Amino acid sequence: MPIRDRYPGYRVLERRDHWDDATRRVVMDRVYNVPEFRHLDDHQRATLEALCDRVIPQSHRPPQRRVPLAPWIDQSCGKTVLDGYRFDDMPDNPTAWNWGLEGLDQTAQTLFGHDFVDLEGGQQDQVLESVCSGNPPGEVWQRMPARRWWIYVALRQISGTYYAHPYAWDEIGFGGPAYPRGYYALNHGAPEPWEPRELPTEEGRERT
Amino acid sequence: MKLNVQLSPNWVLDYEMREYPFGEPVDFCIVGTGAGGGLLAQRLARYGFSVVALDAGPWHDAERDMVSDEAGSQRLYWNDLRITGGTDPLELGANNSGRGVGGGTVHYAAFCPRFHPSDFRVRTQDGVAADWPISYEDLEPYYEQMEREYPVSGPAYYPWGRPHGYPYGPLQAGTAGQMLIKGCIELGIRVVAGGPVAIPGGAFGRGRPHCIMRGFCLVGCKVGAKHSMAVSHIPDAIRNGAEIRDRCMAYEVPIDEEGLVTGVRYFRSLQDGRVVEEEQRARAVVVAGYAIESPRLLLNSTSGRFPQGLANSSGLVGKFLMAQAAPVVWGRFDGMIRQYKAPPACACTEEFYETDPRNDFVRGYALQSVSPLPIAMAHLLVDEDGRFGEPLLAAMQDYNHYACIGVLGEILPDERNYVSIHPTLKDQFGIPVPHVHFSLFENDRRMMAAGVQKAREVLEAAGARETHFVPRYAHLVGSCRMGFNPSDSVVDQWCRSWDVPNLFVCDGSVLPTQGSANPALTISALAARSADWIRRVAPTGEFRRRAPAGVREAR
């Protein structure tokens, strides 16, 4: 499934002068103050970066427009309680990442005889499909439910980090922060005068 | 002290707030400032009682603290450690909690339907769950008060439950909400535009401007248009002499030899980062921390008289926890939707709310408009099938083509769903943490499946090319239920503990059943009803010794 540039040239950040101060500060901080790695070791970091590349492939974008994901996951490993709850069959957040990254290696070793980071992309995807299925090979997955880790730890955090970023908003045509300006064009999915139109597809999907 | 909290662009809350020394008893100490506690603080202060209301979190200043950003809004949620389990463990945190003045109302969608008359008689009518010790008629005048005070906008004629109209006209619906309306009309299903939602159609009062259709209701309204207790009742509570004491985490309600509670012990986080322990003494205590924190506080307040937890002689504190089924169904449309615009709460149908003998389940569900922002949408997509890589990116590129329907379904109360205290884990204050146990049972599963199927049909009738769904749950109620006697419940019809005459629980915990209606309005209506009763009986010494049955219930 090729990734198409549906909103060419759309840059939600170019509207930042129309945002309120607090929102602008939060979003700009996310873009320009990427945290240093502090919690994961070099091998874990390489494994995590490889995982992020498979979950959110960004090779189709120019390097300066790629969203850093792994540093934010590493930062989250400084917090034992992330968002107010822990499943009673799961360890705390840093442990879940430690175990999960180790589990990727165990599954990769069983399936392909190499660590996750040393596999080529298609093989990495097979490892991830195995984890997603809920019953991958590997000792780690005997003490931590694989499907739970995949959905709630890996995918939720990585996708949540990506879609928090204005470059991702450009890709999906999200209007972004709208205070104090607000929205006025509400019918038929119409764009505001300052919002992008979607490029028509071959199916003729775009009608605005 | 002089307050300085910006509640909207036009309104800085700059009242001189009265402060009470914690060592001297006030009439009421309230734990929590949400739909129950916030309302009660306002009413009791107006009725002349001295009131201190504690909240574990801070004030949320609309200009400084609220942002138009999903990931940047963590401070609005209860993010302390909780453990969740059972066969269908609930997600907690952002989903169903609030922390700070106004509680969960700060970031709720503000759907404010009433319960139906049938909700109060489920045991009688369907032979399951429980009846309430009160009827719809008991609550109806308080529903009317709340709809004017929040206030609630909606259709001139609302055809379900006890038909009624709304004092404020509906807001314009976004395209996503219009798909719910369109699909229902195609199928001949009665549907209403305009919530009911607690966002007035115009400016309200001197400080609350009209809605600007920003669409970020679920991360707090910077505009101050959407209702929260912080913009509706709490300013009035303060004006009438209540103290709202923020950043105070209650951990124990102590009791004396006579079996009366004497106040609330809490950890107070000071501006300089220090944490101090204080005890606010009070002649009566109201626990209003919602359906996890209220039972947690009671269960953690053990004594010789109440070794299983305060007010828990029935053993029912924490039991019968309910969440509503809230699966999200989304459809992909050829045309543009742009679901991020306009308040998500803008249309609904309650056509399937009541028991229908043709179904293989009792009770029912509502269908409501919902409009996930990008992160929430991505989480729906990954939850559905664990997709990643290009399939995930491609599905998210359709973001502007999705319209969503939230099924809001009645899960029946079951004793096997409960809140307990974790035997070893503690939070950052050293307070034992709650362990939430939640499982679905057969009726719940059948109801959810039917609701999802109906939502799919509606979206398809509106023109969706394909539909998807994932299970979700919303709201938390029921864990300190009200009932008819001390053995079937924790509190009586006035939200007062059967065991302790000067202790109240006044939040969603007291609901015996939950219907398919968002609970905030009902929680506030119950609080307003309790406040009127408190005003009436306080002079009789009722809160020192419970009057015998018969006298007590005289109205």
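Anything mentioned here points back to the structure above.
In this text the structure is predicted, and so the values were computed from the model without any measurement.

Trainee: I keep staring at the sheet that holds strand β17 (residues 432-437) of chain B and nothing clicks. Help me out?
Mentor: Picture the strands of a sheet paired through backbone hydrogen bonds; they go either parallel or antiparallel. The strand order across the open sheet formed by 4 strands is β1(A)-β5(B)-β17(B)-β16(B), and the pairing between neighbours is mixed. Either end of the sheet is taken by a strand with one partner, and the two such strands are β1 (86-87) of chain A together with β16 (418-426) of chain B. Looking at chain direction, β16 of chain B and β17 of chain B are connected through 5 bridges and run antiparallel. Pairing of Ile421 of chain B across the sheet is with Pro434 of chain B, part of β17 of chain B.

Trainee: I would appreciate a short explanation of the packing of helix α2 (residues 42-55) of chain A against helix α5 (residues 121-133) of chain A in the present structure.
Mentor: Packed helices, taken two at a time, are described by the angle their axes make and the gap between the axes. All names here are of chain A. At a closest axis distance of 10 Å, the pairing of α2 and α5 adopts a crossing angle of 90 degrees. Taken together, α2 and α5 sit at an angle that is classed as roughly perpendicular. Counting all contacts with α2, which are made through Ala50, Leu51 and Arg54, the residues of α5 involved are Gly121, Gly122, Gln124, Asp125 and Leu128.

Trainee: What is the right way to read helix α4 (residues 175-187) of chain B from this model?
Mentor: For an α-helix, 3.6 residues make a turn, and residues three or four places apart therefore share a direction. All names here are of chain B. Spanning 13 residues, α4 covers 18 Å between terminal C-alpha atoms, matching the ideal 18 Å at 1.5 Å per step. Burial in α4 covers these residues: Thr175, Ala176, Gly177, Met179, Leu180, Ile181, Gly183 and Cys184. Packing partners of the buried residues in α4 comprise β6 (192-193), β13 (347-349), β14 (365-370), β15 (402-409) and α10 (442-461).

Trainee: Can you walk me through the interface of chain A and chain B in this structure?
Mentor: Quoted interface sizes are often the accessible area lost when the parts come together. Between chain A and chain B, the residue contacts involve 70 residues of the former and 71 residues of the latter. Between chain A and chain B the total buried area reaches about 5500 Å² when both faces are included, carbon and sulfur atoms providing 58% of it. Our count for the chain A to chain B interface comes out at 7 salt bridges. One salt bridge in this structure joins Asp20 of chain A and Lys222 of chain B, with 3.0 Å as the shortest N-O distance. Counting across the chain A and chain B interface gives 38 residue pairs in polar contact (both at pLDDT 80 or more). Sorting the residues of the side of chain A that touches chain B by element identifies α1 (21-32), α2, β1, α5, α7 (146-162) and α8 (166-172) of chain A as the ones contributing at least two each.

Trainee: What should I look at first to understand helix α8 (residues 374-385) of chain B in this one?
Mentor: Taking 1.5 Å of rise per residue, 12 residues should cover 16 Å, and α8 of chain B covers 18 Å from first to last C-alpha, within 8% of that figure. Burial of α8 of chain B is extensive: 9 of the 12 residues sit out of reach of the surface. Those residues of α8 of chain B lying buried are Pro374, Ile375, Met377, Ala378, His379, Leu380, Leu381, Val382 and Asp383 of chain B. Tucked into the core, α8 of chain B has its buried residues touching α7 and α8 of chain A together with β12 (328-332), α9 (390-397), β15 and β18 (466-470) of chain B.

Trainee: Explain the side chain of Asp119 of chain B here, please?
Mentor: Of note, Asp119 of chain B is situated in the loop between β5 (83-85) and α2 (122-126). Each residue touching Asp119 of chain B, except ones within four places of it in the same chain, is listed here: Trp132, Tyr353, Arg363, Glu410, Thr513 and Gly515 of chain B.

Trainee: Can you help me understand the pattern of salt bridges in this one?
Mentor: Two side chains carrying opposite charge are able to pair once their charged atoms lie near each other. Applying the stated criterion across every chain yields a total of 54 salt bridges over all chains. For Arg65 of chain A, the salt bridge identified is with Asp170 of chain A, shortest N-O distance 2.8 Å. Highlighted residues: Arg65 of chain A in the loop between α2 and α3 (70-76) and Asp170 of chain A in helix α8, separated in sequence by 105 residues. Residue classification places Arg65 of chain A among the buried residues on the basis of a relative accessible area of 13%. Put simply, Arg6 and Glu198 of chain A together with Arg332, Asp398 and Glu466 of chain B are held in one network by salt bridges that share partners.

Trainee: I tried to follow empty space enclosed by the protein on my own but got confused; where do I start?
Mentor: In this approach a probe as big as a water molecule rolls over the atoms, and the regions it shows empty are the leftover space. Residues and elements named next belong to chain B. Scanning the entire structure with this criterion turns up 3 cavities of 30 Å³ or more. Of the pockets and cavities examined, the largest cavity occupies roughly 110 Å³. Mapped onto the lining of the largest cavity, the elements with two or more residues apiece are β1 (5-8) and α5 (229-232). When grouped by side-chain class, the residues that make up the lining of the largest cavity number 8 nonpolar, 5 polar and 1 charged. Reported here for the second largest cavity is a volume of approximately 80 Å³. Forming the walls of the second largest cavity are Ile199, Cys211, Ile212, Arg214, Gly215, Phe216, Cys217, Cys221, Val223, Ala225, Lys226 and Pro343. The class makeup of the residues in the lining of the second largest cavity is 9 nonpolar, 1 polar and 2 charged.

Calculation criteria
- Residues numbered from 1 in each chain as written.
- Chains lettered and ligands numbered in written order.
- Predicted model: local features only at pLDDT ≥ 70, side-chain atom pairs only at ≥ 80, totals over all residues.
- Heavy atoms only, no water.
- Pairing = 2+ DSSP bridges.
- Helix = DSSP H or I, 4+ residues; strand = E, 2+ residues; numbered from the N terminus.
- Axes fitted to C-alpha atoms, helices over the stretch in contact; angles between N-to-C directions.
- Parallel < 35°, antiparallel > 145°, perpendicular 65-115°, else oblique.
- Contact = heavy atoms within 4.5 Å.
- Expected span 1.5 Å × (residues − 1).
- Buried < 20%, exposed > 50% of the residue type's maximum accessible area, 1.4 Å probe, protein only.
- Buried area = accessible area lost by both parts, 1.4 Å probe.
- Salt bridge = Lys/Arg side-chain N within 4 Å of Asp/Glu carboxyl O.
- Polar contact = N/O pair within 3.5 Å; in protein donor to acceptor, adjacent residues only side chain to side chain.
- 1 Å grid on protein atoms, 1.4 Å probe; cavity = no way out; pocket = protein on both sides within 12 Å on 5 of 7 lines; lining within 4 Å.
- Points joined across faces, edges and corners; volume = space filled by probe spheres on them.
- Nonpolar A, V, L, I, M, F, W, Y, C, P; charged D, E, K, R; others polar.

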